[in-house]
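# Remarks on the overall topology
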Amino acid sequence: MSADTQTTLRTKRKFLGLSGFGWMRASWFYVFIAPWFLGFLAFTVIPVAVGMLMSFTNFTGTNFDTYKFIGLANYSEAFGEFFTDGIAWYALSRTGLFAIVTIPINIVLSLLIAILLTRNIRGKGFFRTLFYIPSIIPVVASVWIWKALMDNNYGVVNAVLNEIVPNTYIRWLTEYPFHVLVMWSVWAGVGGAVIIFMAGIQGVPAELEEAARIDGANNFQMFRNITAPLLTPVIFYQFIVGIIGSLQILTQPLLLAPRAVQAGIATLPPRENYMFMIHIYQESFVRQRYGYGSSLLWILFFFILILTIVMTYTSKYWVYYEVNPEDK
Amino acid sequence: MNKKPLNPGRVFERFSLYAVIIALTVIFILPIIWMLISSVKAETDFMRWPILWFAPVPKWSNYVQVLTNPKYGFMKGLLNSTILALIFSIPNVISSAIAGYAFARMKAPGRNGFFIILMAMMIPASVTVIPQFVLYSRLGLINNYLLWFLWGLAGSPFQILLFRQFFASFPKELEDAAAIDGAGPIRTFFQIFLPNAQPVMAVTFLFAFSWVWGDWFHQAFYLSGEKATLAMKLATAFTDPKGNPIVTLTLAGLVIYALPLIIVYFLMQKQLVQGIVTTGLKG
């Protein structure tokens, strides 16, 4: 390296394995990542620290001079709710149910579509794009689409059901809001997973497939023994992303809620869609209990973290990792 | 693929394969078609029961109404959404490109540590919403587009990762040639690497732009009044003079709002799929 020859001319003192000139070159790395890193400090580290502190106070959003540290009171109140079947527990259980229902449907459906689309059909790119369209439609647009579809008076779904079972009149948005939320989430979420699964299936080495064909494997055996194991890392990734995303669901139930005037942060969805993040917003911004809200956020954070760690731990029993030193 | 002769069984298999795919596609696309055909209906036709699938005469005036009636402030919202999306996207692409370049091509102590932090950021931290709100109100960043500029300037992990993957594939000779010409790191980046990164810049720009364009939550949370964007305006139905919601008119507005994204996606699908796969699989 030219840097080494230059250092012998200058100085031999080194710090962390780099000479003065080496540091001059290396310092550019820090300059280049500075915008991102400063943003990380300002938008993540500082708020995380402030939020942590806030969760131990009785901060209301306005009592900057008079708030007090109240120890673990917020946390004990939250856990008290969990053990006495309170509203926080209810919200968390609804959120958990949403995740348990949505994630498997999402994964199975997108995997199925990806398998169909990779079976040597014409226009697979075109179909893939069609499945992805619901994902690129802004959430404000898709909520109106779903309201129009599911409306009890003039919705398409009731109209179609009426053709099959006359006089069907289901109040989807008020009596089954949770079902609508699940359908909407699946509809909007499958496209992205299809793209990723298709890439995964197409990445299965052709030699493996040919070898299996020569051994006389049928389609199902091929999938069971070759494609599926090689896809397990992708499925695992979808699980993790699904858990992180669905436990923090907030925008969709807010927008879906029937409302008098305007959709806003304070909108209260029907009971079935009272998700944990909505409870947090209600406590923080409607009831002005910022401290308590912060403690709920931290509980959610650790809940997600523990689930992710548990998933990662179990992954070694079902996720197939190819050991290939040439793999990037 | 080896071609097999078409026997009846195989024809049936192919036929049912296409039938299943087309049926699934129709289920996924029908809601969007419904939005399109409803957007040119009169409100009374839209509300009819039994349902009226197609308007007898398309009511294109819905679109004219939405675009021109000053009461709805559609053009103002459109302008605000565009400005806000640009204010975020331009610094976001540049910052992400610079950081991605550093992670791909520069060596320095602690680089891997910083990279681990970058990856850890991909766990979305809703833990920060309350403190962020409090801090921003104290700093006067509420109802201020500057907030989006600052968010953009911080880059985003997915975008940085995309640039990193892309810049990592450049040949080493490129930097050597630049060094021989006496170009410093800044010139090397801006004159050699960045001009060659147009495909990734296009994809990241589109991701950033459509994130802000489609985002309702942060806008509803931090903006109001004159600063209101299209997403905020369209979250509530347009109304007639008596204050009754007109859904068909709202749907017409939503078509104008959502269609640009769909068209651009169709035009750029190859690059976008690449981007989704890179961040999805290798993230």
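The shown structure was predicted, so the numbers you read here are calculated from the model rather than taken from an experiment. (Residues numbered from 1 in each chain as written. Chains lettered and ligands numbered in written order. Predicted model: local features only at pLDDT ≥ 70, side-chain atom pairs only at ≥ 80, totals over all residues.)

## Concerning the overall build of chain A
Note the cut-off: Think of it this way: any DSSP run of H or I at least four residues long counts as a helix, any run of E at least two long counts as a strand, and we number them from the N terminus. Computation of the radius of gyration draws on C-alpha atoms, with the globule rule given as 2.2 Å multiplied by the number of residues to the power 0.38.
When helices and strands are tallied, chain A shows 14 helices and zero strands. In chain A, the succession of α and β elements from N to C terminus is α-α-α-α-α-α-α-α-α-α-α-α-α-α. Whereas a compact globule of 328 residues would reach a radius of gyration of roughly 20 Å, chain A reaches 26 Å, over 25% beyond that. Along the three orthogonal principal directions, the C-alpha set of chain A runs to about 90 × 75 × 35 Å.

## Digging into the overall build of chain B
The cut-off we apply is this: The contact rule is simple: place each C-beta atom from the backbone, and if two of them lie within 7 Å, those residues are in contact.
On a plain count of helices and strands, chain B comes out with 15 helices and zero strands. Relative to the 2.2 N^0.38 estimate, which gives 19 Å for 283 residues, the radius of gyration of chain B is 24 Å and therefore markedly larger than a compact globule would have. In chain B, once contacts between residues fewer than 6 apart in sequence are set aside, the share between residues at least 24 apart is 73%.

## Some words on the packing of helix H11 (residues 219-247) of chain A against helix H14 (residues 290-318) of chain A
Residue and element names in this part refer to chain A. Keep this limit in mind: Each axis is a line fitted through C-alpha atoms, and for a helix only the stretch in contact is used; angles between axes span 0 to 180 degrees, taken between their N-to-C directions. When describing relative orientation, an angle under 35 degrees is termed roughly parallel and one over 145 degrees roughly antiparallel, while 65 to 115 degrees is termed roughly perpendicular and anything else oblique. Should the near helix be turned anticlockwise from the far one by less than a right angle, the crossing is termed left-handed; should it be turned clockwise, right-handed. Residue type decides the class: Asp, Glu, Lys and Arg count as charged, Ala, Val, Leu, Ile, Met, Phe, Trp, Tyr, Cys and Pro as nonpolar, and the leftover types, Gly among them, as polar.
At a minimum axis distance of 10 Å, the contact between H11 and H14 shows a crossing angle of 170°. When the interaxial angle is binned, H11 and H14 end up roughly antiparallel. The hand of the H11/H14 crossing is right-handed. Contacts between H11 and H14 involve Thr 232, Phe 236, Phe 239, Ile 240, Ile 243, Ile 244 and Leu 247 from the first element and Leu 300, Ile 304, Leu 307, Thr 308, Met 311, Ser 315 and Trp 318 from the second. A class-by-class count of the residues in the contact of H11 with H14 yields eleven nonpolar, three polar and no charged.

## Here we look at the interface of chain A and chain B
Interfaces are frequently sized by the accessible area removed from exposure as the parts join. Across the contact, 71 residues belong to chain A and 77 residues belong to chain B. Here the side of chain A that touches chain B gets 18 residues from one element, more than from any other, and that element is helix H2 (residues 20-54) of chain A.

## Regarding the confidence of the model for chain A
Residues and elements named next belong to chain A. Cut-off, in case you're wondering: Known as pLDDT, the predictor's per-residue confidence is scaled from 0 to 100.
Mean pLDDT over chain A works out to 86, with 92% of the residues at or above the 70 mark. Highest mean pLDDT in chain A belongs to helix H4 (residues 87-117) (95); lowest belongs to helix H1 (residues 2-9) (49). Confidence drops under pLDDT 50 across residues 324-328; counting only partners more than four residues distant or on other chains, this segment forms one contact.

## Some thoughts on the environment of Ile 180 of chain B
Looking at the element boundaries, Ile 180 of chain B is found in helix H9 (residues 173-180). For the pair Ile 180 of chain B and Pro 157 of chain B, spaced 23 residues apart in sequence, the C-alpha separation works out to 33 Å.

## Re helix H10 (residues 206-214) of chain A
What counts here: In this scheme every C-beta is placed from the backbone, and a residue whose C-beta has 20 or more other C-beta atoms within 10 Å is buried, one with 12 or fewer is exposed, and one in between is partly exposed.
Burial analysis of H10 of chain A places just zero of its nine residues in the buried class, a small minority of the element. Of the residues one or two after H10 of chain A, Gly 216 of chain A is the one with positive phi, at around 85°.

## What to know about the environment of Leu 234 of chain B
Its place among the elements puts Leu 234 of chain B in helix H13 (residues 230-234). Put simply, Leu 234 of chain B and Ile 262 of chain B are 28 residues apart on the chain and 18 Å apart in space, counted from C-alpha to C-alpha. Not counting the four nearest positions on each side in its chain, Leu 234 of chain B is found in contact with Val 140 of chain A together with Thr 250, Gly 253, Leu 254 and Tyr 257 of chain B.

## Digging into helix H13 (residues 276-286) of chain A
Most of H13 of chain A sits inside the fold, with eight of its eleven residues counted as buried. Every buried residue of H13 of chain A is listed here: Phe 276, Met 277, Ile 278, His 279, Ile 280, Tyr 281, Glu 283 and Ser 284 of chain A. On its buried face, H13 of chain A is in contact with H4, helix H12 (251-256) and H14 of chain A together with helix H6 (129-138) of chain B. At the exit of H13 of chain A stands Gln 288 of chain A, carrying a positive phi of roughly 60°.

## Topic: the nonpolar core
We apply this condition: What makes a nonpolar core is a set of buried Ala, Val, Leu, Ile, Met, Phe, Trp, Tyr and Cys residues, with links drawn between C-beta atoms within 7 Å.
Counting residues in each nonpolar core, the largest one holds 135 residues, and the members touching the most others are Val 194 and Phe 197 of chain A together with Tyr 101, Ala 102 and Leu 254 of chain B. In this structure Tyr 101 of chain B touches Phe 32 of chain A together with Phe 163, Phe 167, Phe 189 and Phe 193 of chain B, once residues within four positions along its chain are discounted.

## Some points on unusual backbone geometry
Residues and elements named next belong to chain A. Here the phi dihedral of Asp 85 falls at roughly 65°; this positive angle occurs in a residue that is not glycine. Accessibility expressed as a C-beta count within 10 Å gives 10 for Asp 85, which makes it exposed. Unusually for a residue other than glycine, Asn 120 sits at a positive phi of about 55°. For Asn 120, the location among the structural elements is in the loop between H4 and helix H5 (124-136). On the basis of neighbour count, Asn 120 is assigned to the exposed category, with 9 C-beta atoms found within 10 Å.

## Describing the environment of Tyr 101 of chain B
All names here are of chain B. On the secondary structure map, Tyr 101 appears in helix H4 (residues 74-105). Here Tyr 101 falls in the buried class, since 27 other C-beta atoms lie within 10 Å of it. Between the C-alpha atom of Tyr 101 and that of Lys 172, which follows or precedes it by 71 residues, the distance is 13 Å.

## Examining the packing of H5 of chain A against helix H14 (residues 247-267) of chain B
For the pair H5 of chain A and H14 of chain B, the least separation of the axes is 10 Å and the interaxial angle reads 145°. Judged by the twist between their axes, the crossing of H5 of chain A over H14 of chain B is right-handed. Seen from H5 of chain A, the contacting residues are Thr 129, Ile 133 and Ile 136 of chain A; seen from H14 of chain B, they are Leu 261, Ile 262, Tyr 265 and Phe 266 of chain B. The class makeup of the residues in the contact of H5 of chain A with H14 of chain B is six nonpolar, one polar and no charged.

## Remarks on the confidence of the model for chain B
When pLDDT is averaged along chain B, the result is 87; 95% of the residues meet or exceed 70. Listed scores for the predicted complex are pTM 0.88 and ipTM 0.88.

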